[in-house]
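Descriptive analysis of the structure
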Amino acid sequence: MKKFLFAAFAVLAFGAVNAQGFKGGVHVGLPIGDVADFYSFAGGVDLAYTWEVADNFTAGVTTGYSMFFGKTVNGFDVESAGFIPLAGTASYKVSDNIFLGADLGYALGVAPTGNDGGFLYQPKVGYAAEKFDVYAGYRGISVTGGSFDSINLGFSYKF
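The rules behind each value
Residues numbered from 1 in each chain as written. Predicted model: local features only at pLDDT ≥ 70, side-chain atom pairs only at ≥ 80, totals over all residues. Heavy atoms only, no water. pLDDT = per-residue confidence, 0-100. Contact = heavy atoms within 4.5 Å. Pairing = 2+ DSSP bridges. Helix = DSSP H or I, 4+ residues; strand = E, 2+ residues; numbered from the N terminus. Axes fitted to C-alpha atoms, helices over the stretch in contact; angles between N-to-C directions.

Glancing now at the confidence of the model for the protein chain. The predicted model of the protein chain averages 90 in pLDDT, with 87% of residues at 70 or higher. Here residues 15–19 is modelled with pLDDT under 50, and outside its nearest four sequence neighbours on either side it reaches five contacts, counting other chains as well.

What follows is the structure in structure tokens.
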């Protein structure tokens, strides 16, 4: 696992040095499904590096940090859940500024103790300008016994 993490961060660092296809951003979301009973909102930061694979199609790697913020339920404080996604990302421009995309990979669970993480999937649709992207998406993290699902809005700046 350490080798995989090192490789993922090496690719992102290479992207930062070359500044071609490197993006950094933030996302906010509303938990949905069963987790909405225990978590009030979601948010985090995103980093990605993409390459142009074909006309209007890019693919690459993405990581960051996502957190589901716990509520107080029946007098008990639910501990927030944190994840580090390690995923592939792809997008296809359907017009000059509109894109469809998806992230697929694994979200490492970092909080609370015992959160092992799970399979990550995020379909999204967005608007691409020259220096930034804005998107709406559905993020799901399948964990043992359930899933952490949210509807998100995101913004990323292109370096």
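Direction of pairing for strand 6 (residues 81–93) relative to strand 7 (residues 98–111): antiparallel, over a ladder of 12 bridges. By the bridge assignment for strand 7, S91 is matched with G101. Counted between consecutive antiparallel strands, the loop separating strand 6 from strand 7 contains four residues. Between the end of strand 7 and the start of strand 8 (residues 118–128), which pair antiparallel, lie six residues, with G114 showing a positive phi angle near 95°.

Here eight strands make up a closed barrel; going around it, the order is 1-2-3-6-7-8-9-10 and the pairing antiparallel. Taken over all neighbouring pairs, the strand axes of this sheet differ in orientation by 25° on average, direction set aside. Pairing of strand 7 with strand 8, which is carried by 10 bridges, proceeds in the antiparallel orientation. Looking across to strand 8, one finds that L104 is bridged to Y121.

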